[in-house]
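# A look at the structure
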Amino acid sequence: EELADPNIEIFYEDNQFTAKGGTDAYNKLKNVNDIDAIITGSSQASLAILSQTTADNVLQMAIFATNEKYGIPNDLAFRISTTASAETIPIVEYLLAKNTQRLGILYLNNDFGVGFKDALKEKVSTTAIKIVGEESYLLEAEDVRTQLLKLKEEKPKVIFIIGTARHFVLILKQAKELDIKAHFMSLRSAQDPIIIKNAGEAAEGFVYSYTFDSTKEDAQEFIDKFKVKYGREPDAYAAEGYEAYKL
């Protein structure tokens, strides 16, 4: 509402956090609403429509899209979020500071998960950290015990998990059931209250990186207005959406 412009019409569609969902949403927005710009959320949805937005001469602004392939070399494709290669730098620094020598990776098998996993592996490859196992799971997964047991056999000190908050709840609870002693670490998508609420004690010691610094002075006005409007603190996704719309 603060950024409302009478010359801009806003239409919404849910991409279902999938490539197909992104394509379906874009086709509807373009064919029915005749959009000339779009804000896309997630790597998989953003990548899925990139060739179409290019052909249609539609400006595309991506949020929480970390995959390195997005936007290259399209001059009409931009992103607000950091890339996976940038986000993995402090993650690896933290792992080294904790003297991590054996690392396992459990990742969501889509453009987001694979892209982040590959970026993490590249950063780790120049260090003394050894990746002892990597396992994947599907978006609709409800059981990851098999993958967790395979990683457990390799005795990692840390298991880095890539996915969404719903997946993290599932993974942490099932890891506790399997008596896995490794520490669990993740990224920005772990900033979600449902993890503490639904995983409970299984989330104890869970560490993750985060890209939105709410203590910065230039963020306070946005935070205050968001809290008045929605009654809660904004997360990185809200901040990126806000900046994307302003641009």
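Thresholds, definitions, all that
- Residues numbered from 1 in each chain as written.
- Predicted model: local features only at pLDDT ≥ 70, side-chain atom pairs only at ≥ 80, totals over all residues.
- Heavy atoms only, no water.
- Core = buried A, V, L, I, M, F, W, Y, C linked by side-chain atoms within 4.5 Å.
- Buried < 20%, exposed > 50% of the residue type's maximum accessible area, 1.4 Å probe, protein only.
- Helix = DSSP H or I, 4+ residues; strand = E, 2+ residues; numbered from the N terminus.
- Contact = heavy atoms within 4.5 Å.
- Pairing = 2+ DSSP bridges.
- Axes fitted to C-alpha atoms, helices over the stretch in contact; angles between N-to-C directions.
- Phe/Tyr/Trp six-rings, centres within 6.5 Å; stacked < 30°, edge-to-face > 60°.
- Lys NZ or Arg CZ within 6 Å of the ring centre and 35° of its normal.

### Considerations on the nonpolar core
Formed by 44 residues in total, the largest nonpolar core has its most connected members in L103, L148, F160, F184 and I195. Sorting elements by how many residues they give to this core places helix 7 (residues 165-177) first, with 7 residues. Among all residues touching I195, those that are not within four sequence positions of it are A165, F168, V169, L172, A190, G200, A203 and F206.

### Considerations on the sheet that holds strand 1 (residues 37-41)
The strand order across the open sheet formed by 3 strands is 1-2-3, and the pairing between neighbours is parallel. Whereas interior strands pair on both sides, the edge strands pair on one side only; in this sheet they are strand 1 and strand 3 (77-79). Each adjacent strand pair in this sheet contributes to an overall mean axis angle of 25 degrees, direction not counted. As judged from the 3 bridges shared by strand 2 (residues 59-63) and strand 3, these two strands associate in the parallel manner. Residue pairing across strands places M61 opposite F78, the latter belonging to strand 3. Against the sheet, helix 10 (residues 236-246) engages strand 1 and strand 2, with an angle of about 160 degrees to strand 2.

### Let's talk about the packing of aromatic side chains
As enumerated under the stated definition, the model contains 9 aromatic pairs in all. Ring plane angle 55 degrees and centroid distance 5.8 Å describe the contact between F222 and F226, whose orientation is recorded as tilted. With F222 and F226 both in helix 9 (residues 220-230) and 4 residues apart, the pair spans about one turn of that helix. Each member of the pair, F222 together with F226, is buried. Site record: aromatic cluster; members linked through ring pairs are F212, F222, F226, Y230 and Y242. K117 extends its terminal NZ or CZ atom over the ring of Y107, reaching a point 4.8 Å from the ring centre.

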